[in-house]
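Given next are the chains, with one letter for each unit.
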Amino acid sequence: MGASGSSSRPNEYYFGATGGGLWKTIDGGNTWKCVTDGYVTSSSVGAVAVAETNPDVVYIGMGETQLRGSITQGDGVYKTTDGGETWTHLGLEATQAIARVRVDPTNEDIVYVAALGHPYGNNEERGVFKSVNGGKTWKKVLYVSDKAGAADLIIDPNTPNVLYASTWQVYRKAWKMWGGGPDCKLWKSIDGGETWTDLTKNPGMPTGPIGKIGVTVSPVDSNRVWAIVEANEGGVFRSDDAGKTWKLTNNERKLRQRAFYYSRLVADPKDKDIVYGLNVGFFKSTDGGVTFDDRITTPHGDNHDLWIDPNNPDRMINANDGGGVVSINGGKTWTAQDYPTSQFYHVMATSDVPYHVVGAQQDNSTLAIPSDGWDFMQARGPSPDWYYAVGGGESGWITQSPTNPDVFYAGSQGALLTRYDRSNGQIRDIQVYPRFFSGEPASALPERWQWTFPIMFAPKDPNVMYTCSQHVWKTTNDGQTWEKISPDLTYADPETLGKTGGVITMDMNGPEIYATVFALAPSNHDINTIWAGSDDGKIHITRDGGKNWEDITPTELPKFSRVSIIEESIHNPGTLYVAANRYQVDDRAPYVFKTHDYGKTWTKIILGIKDGHFARAIREDHQKEGLLFLATEHGVYFSINDGSEWQSLQLNLPDTPIRDLVIKDNDVVLGSHGRGFWILDDIQPLREYSKNLKNQKSVLFKPTNAIRGIYNANFQYYLEEQVDTVTFSIFDADSKLIDTFGGNQPKYEKSERSSWWSRFSSTKPTTAKGINTFTWNLRYPGPTTFDGIIIWGASAEVGPKAPLGNYTVQMKVGEEVVKSYPFKIEIDPNLKGVTADDLQKQFELASKITAKATIANEAVIKIRSIRKQMDSLGKGVSSKKFKKLSEDFMASLTKIEEDLYQTKNQSGQDPLNFPIKLNNRFNALQRSIENGDAKPTDAAYVVYNELSEELDGHMAKLNSLLQKELPKINQFLKDNQLSTIENK
């Protein structure tokens, strides 16, 4: 939500993402890089400040202060002194939410922090803090109460000891946000924050009650100060005497709507009459804040921060709900928002092969995208892009029809529930109860629909779909009619069903709708068993299809706990896993439970989970009983013993909230709330993990089957220590060796000069300590080649695609065989009208072509070898007869070489200038018949026969020359006591 830049580095900017870390650009916003991964232990950057005296010094304050329903708390302040290469934590951990960081424009060691404090509870570490030693120590210089924190802060750049700050009395719960009160004030200091004067009741200011206040001061005229004040008679106020007196200049709602989410003003650095107002829209005033008729269009709405170059007002960076955008022409145009900072509420994986990853992204649409493979990036349906929407909206749960993979059901705020067919874009609204609501408390709603409510099918009956308000609803006719099958399954405490917003401004929408069924788990074993969890801490079960429900809430799960995800075991009936959290009542402990007896008894399973890593989702592996995965506010954990102990599975995953995860095939798929989708490929090592594993020097894990044309064969293996060599051998169903691959390096890196075709190649086995992966590209060895070969429209090196069937992989470390495993190559299930016999024919013809290309290339190699020998040995013979004989011989060989290969080729596109020759035609024919998985056409066999006949002619000529003429030449060489030319 924060943004900043450097006046001395015109192409350098930063923006802080919600849940996504700090992003930096050094090329004016064309490309961005997250620079905090691995250094910070929270993810939302609420404020960022670059020191004007040294642009390598940057401070960031963590946590969100725009208190929407889904916010991420921070852990204080971080600092870099090398432009973001490394970061140091400076403390203030308990602030949780920081609105502003300001650096003295003359001294990079003097820094101020405006800390809002705990959004969900009272705390002391809030207000304005100051450091005079670059953040080594902090002093609280402005504090009002444990209920109010600092919401804005600005330094007068002309007199850095003059500061203006606002304090905001506010709190949030899952069911309520309430702002405004006597601790909401506007403050001024003239001694660097040592003492403060309350300006809130100065002449011209609105009467109370007061809410959130934003403030800015003109760098052109220190007497000119603006404040945007939330009040019944609020708006934009201006002072022309440094805060002594004020005048209301603008009270338009467009500037002060949803004050809790916006309330920001920014002064122009060169013109005292220009001031910018940030809200849903981005507005500019050129008359001192009287009118804001100039609306600046940004790539995304909901504007929260703006940095303007002090020396060039046309240079600016805006932070909005879509991220950071840069303008160099005063907002006329902006850079694109191209970075992976999507915030997903849930994630699902489709039944496609490869599967698509699907989720609803905050402040945007639903999104589905193929999970793997260059050839599968084109989206299905009417979208021309690499992704497609599936109906619903920004906050929805999504599920795919179990009987028609093109049909999706997706929800969103306001109880929206759509049926969408991606094959043709057809959509239908199938809401349970299409009575729209907004601006109303939950108590006024007949059905309470949460921001994100469950939508799912019964595993035992693909015609039964469920969704939830405070009740569980069921349809068996695709949403045409719905049946309520439960009573209210929540506490429904009246305290949680009232108005929300604050003393002045109400804000009532889906996020605050409370006391709903937030999690549902229809049984994997019994159509009549359904588990339900509420967002206020209840868990129920029915075992008769909804006729009767039993409250089975664990005694250790307090009221006001959000039951986030529940997962019934696919292995054991009566077993349920529960991920719950209470961070919205200021309790950040993990709440994870399991039952094995339908909820009669519960076990809390939190050993190994770090403090503050509260739980979002829990899933059980569908293959390995007892293998669990846990999504938390800071990453992912796994357990191999049914939750008795958890271990971190962070690996290269950045610290970001993981809202949901699913196990799909052999992968773990994550939906993060700030860094998009993530996939952990092939969890077979975790399925085979045991304490004994650590005692083995090397382990080859059981491979999964490959799918021809989609998934290559990946072989994972563990090495206790780095070794010298690792070798993999692939055998066919008859135990015949196909190929062998050796490696002696700890890391596999492709050559920078690798050809485009090399992306299809196998990797090399690596020798590093820990888990390694070797990939076989499912191809047999390619043709023999020679140095410098240039082929157009095909690869000179690619071998035939392996056919369907059974194979074996063998792993060696040094000369010791570690393990052999069988695996299969399966057919692409997306293919239509293709059989295993078709692919066998494709393989057989490709193998014949490879053999022919080898014959042609080996002939070229032989001719070049003879030429080299002739050039060397022929110098020792002075006979004219020998010279004539050798010249004619070599001319004949050269003619054959030039018919086999275009010898004029010296660069990649020379084949556009010089005609391709026979070996190129063979390679191109193989590329043609393997362009997709199918039986070769009749024409392919015709061309193969023609090329083979041509090759036979050339080889006959070559063999004739070598049999008749080469002996004559060798006799001359012998007669001159010289070595003979070898036929090789």
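Being a predicted model, the structure only gives us computed values, none of them experimental.

Draft legend 1. Molecular detail of the overall build of the chain. The helix and strand tally for the chain stands at seven helices and 63 strands. Within the chain, the proportion of its 984 residues that are buried is 60%. Considering only contacts in the chain between residues 6 or more positions apart, those separated by 24 or more positions represent 54%. For the chain, the computed accessible surface area is about 39300 Å², with 47% contributed by carbon and sulfur atoms. Positive and negative side-chain charges of the chain, numbering 104 and 120 respectively, have mean locations separated by a distance of 3 Å.

Draft legend 2. Structural view of the packing of aromatic side chains. Under the definition given, this model contains 33 aromatic pairs. Judged by centre distance (5.1 Å) and plane angle (50 degrees), the rings of W175 and Y514 are tilted. In this pair, W175 sits in the loop between strand 14 (163–173) and strand 15 (176–179) while Y514 sits in the loop between strand 40 (501–502) and strand 41 (517–522), placing the two residues 339 residues apart along the sequence. We classify W175 as buried; its relative accessible area is 6%.

Draft legend 3. The pairing of strand 31 (residues 366–370), seen in detail. Across the five residues that make up strand 31, a large majority, four, are buried. Pairing of strand 30 (residues 356–360) with strand 31 involves five bridges; the strand directions are antiparallel. Across the sheet, residue V358 finds its bridge partner in strand 31, namely A368. The turn linking strand 30 back onto strand 31 is made up of five residues, and D363 within it adopts a positive phi angle of 60 degrees.

Draft legend 4. Spatial organisation of the sheet that holds strand 30. With antiparallel pairing, the three strands of this open sheet are ordered in space as 29-30-31. Single-partner strands in this sheet number two, and they are strand 29 (348–349) and strand 31.

Draft legend 5. Quick peek at the packing of helix 3 (residues 836–873) against helix 5 (residues 918–929). Running from amino to carboxyl end, helix 3 crosses helix 5 at an angle of 165 degrees, the nearest separation of the two axes being 9 Å. By the angle class used here, helix 3 and helix 5 are roughly antiparallel. In the packing of helix 3 onto helix 5, the handedness of the crossing is left-handed. Contacts from Q842, L845, A846, I849, T850, K852, A853, A856 and N857 in helix 3 reach N919, F922, N923, L925, Q926 and I929 in helix 5.

Draft legend 6. A look at the side chain of S44. Note that S44 resides in the loop between strand 4 (33–34) and strand 5 (45–50). Its relative accessible area of 0% is what places S44 among the buried residues. One polar contact links S44 to E64, side chain to side chain, over a distance of 2.8 Å. Those residues in contact with S44 that sit more than four places away from it in its chain are A17, T18, G19, G61, M62, G63, E64 and T72.

Draft legend 7. Geometry of the pattern of salt bridges. Here the structure, examined in full by the defined rule, presents 41 salt bridges. A salt bridge links E512 to R172; the shortest N-O distance between them is 2.8 Å. One end of the pair, E512, is in the loop between strand 40 and strand 41; the other, R172, is in strand 14, with 340 residues separating them in the sequence. No difference in accessibility class separates E512 from R172, as the two residues are buried. Here R422 ties to D406 by a salt bridge, and the two come within 2.7 Å at their closest N and O atoms. Pair noted here: R422 is in the loop between strand 34 (417–421) and strand 35 (426–429) and D406 is in the loop between strand 32 (398–400) and strand 33 (407–411), with a separation of 16 residues, a long-range link.

Draft legend 8. Focus on the nonpolar core. Ranked by size, the top nonpolar core spans 53 residues in total, and within it Y409, Y466, V472, L520 and F629 carry the most contacts. With 44 residues, the next largest nonpolar core counts I789, A794, M870 and L947 among its residues.

Draft legend 9. Looking closely at the sheet that holds strand 6 (residues 58–62). What the four strands build is an open sheet, ordered 5-6-7-8; its pairing is antiparallel. Of all the strands in the sheet, just strand 5 and strand 8 (88–89) have a single pairing partner and so form its edges. Inspection of the sheet shows strand 5 paired to strand 6 by five bridges, in the antiparallel sense. The residue bridging V50 from the neighbouring strand is V58, located in strand 6.

Draft legend 10. Molecular detail of the environment of N695. Following the sequence through the fold, N695 ends up in the loop between helix 2 (684–687) and strand 56 (698–700). Between the C-alpha atoms of N695 and N714, which are 19 residues apart in sequence, the distance is 24 Å.

Draft legend 11. Representation of unusual backbone geometry in the model. Between G208 and the following residue, P209, the backbone shows a cis peptide bond with an omega angle of 0 degrees. Take P209: it is sitting in the loop between strand 17 (197–198) and strand 18 (210–217). Omega for the peptide link from V353 to P354 comes to -5 degrees, which places this bond in the cis form. For A515, which is not glycine, the phi torsion reads 60 degrees and is therefore positive. Look at A515 and you get buried, because its relative accessible area is 0%.

Draft legend 12. Layout of the pairing of strand 41. With six of six residues buried, strand 41 is to be regarded as a mostly interior element. Note that strand 41 and strand 42 (residues 530–534) share five bridges and pair antiparallel. Bridged to V517 within strand 42 is S534.

Draft legend 13. Fine view of helix 5. End to end, helix 5 covers 17 Å across 12 residues, agreeing with the expected 16 Å (1.5 Å per residue, within 8%). In terms of burial, helix 5 is a largely internal element, nine of the 12 residues being buried. Those residues of helix 5 that sit buried are L918, N919, N920, F922, N923, A924, L925, Q926 and I929. Against helix 3, helix 4 (880–900) and helix 6 (938–964) lie the buried residues of helix 5.

Draft legend 14. Quick peek at the packing of helix 3 against helix 4. Helix 4 packs onto helix 3 with a crossing angle of 155 degrees between their chain directions and a minimal axis gap of 10 Å. Here helix 4 runs roughly antiparallel to helix 3, going by the angle between their axes. Every pair of crossing elements has a handedness; the one defined by helix 3 and helix 4 is left-handed. Between helix 3, through A856, A859, V860, I863, R864, I866, R867 and M870, and helix 4, the contact on the second element is made entirely by F882, S886, F889, M890, L893, T894, I896, E897 and L900. Per-class residue counts for the contact of helix 3 with helix 4 are 12 nonpolar, two polar and three charged.

What counts as what
- Residue numbers restart at each chain and count upward from 1, following the sequence in its written direction.
- At least 70 in pLDDT is required for a residue's local features to be given in this predicted model, at least 80 for side-chain atom pairs to be given and counted, and no such filter applies to totals for whole chains, interfaces and linings, which use all residues.
- Only hydrogens and water are set aside; all other atoms, that is, all heavy atoms of the structure, feed into the side-chain values.
- Comment: elements are numbered from the N terminus, with helices defined as DSSP H or I runs of at least four residues and strands as E runs of at least two.
- Partly exposed residues are those whose accessible area sits between 20% and 50% of the maximum for their type, while under 20% is buried and over 50% is exposed, using a 1.4 Å probe and protein chains only.
- By definition, residues are in contact when any of their heavy atoms lie within 4.5 Å.
- Where accessible areas are quoted, they stem from the Shrake-Rupley method and a 1.4 Å probe; at the residue level, only the protein chains shown are allowed to cover.
- Two residue types count as positive, namely Lys and Arg, and two as negative, namely Asp and Glu; His and chain ends fall outside the count.
- Just so you know, the charge point we use is NZ for Lys, CZ for Arg, CG for Asp and CD for Glu.
- Side-chain rings of Phe, Tyr and Trp (the six-membered ring for Trp) are treated as a pair once their centres are within 6.5 Å; stacked means planes under 30 degrees apart, edge-to-face means over 60, and tilted covers the remaining angles.
- Two strands are said to pair when DSSP picks up at least two bridges between them.
- A fitted line through C-alpha atoms represents every axis, and for helices the fit uses only the stretch in contact; the resulting angles, taken between N-to-C directions, go from 0 to 180 degrees.
- An angle below 35 degrees is treated as roughly parallel, one above 145 as roughly antiparallel, one from 65 to 115 as roughly perpendicular, and anything else as oblique.
- Less than a right angle of anticlockwise turn of the near helix away from the far helix marks a crossing as left-handed, whereas a clockwise turn marks it as right-handed.
- Polar contacts, as counted here, are pairs of nitrogen or oxygen atoms within 3.5 Å of one another; within protein the pair requires one atom able to donate a hydrogen and one able to accept it, and residues that are adjacent in sequence qualify only if both atoms are side-chain atoms.
- The working definition used for a salt bridge is a side-chain nitrogen of Lys or Arg within 4 Å of a carboxyl oxygen of Asp or Glu.
- Put simply, a nonpolar core is a bunch of buried Ala, Val, Leu, Ile, Met, Phe, Trp, Tyr and Cys residues held in one set by side-chain atoms that sit within 4.5 Å of each other.
- What a helix is expected to span follows from its residue count: subtract one and scale by 1.5 Å.
- Side-chain classes follow a simple rule in which Ala, Val, Leu, Ile, Met, Phe, Trp, Tyr, Cys and Pro form the nonpolar group, Asp, Glu, Lys and Arg form the charged group, and the remainder, Gly included, forms the polar group.

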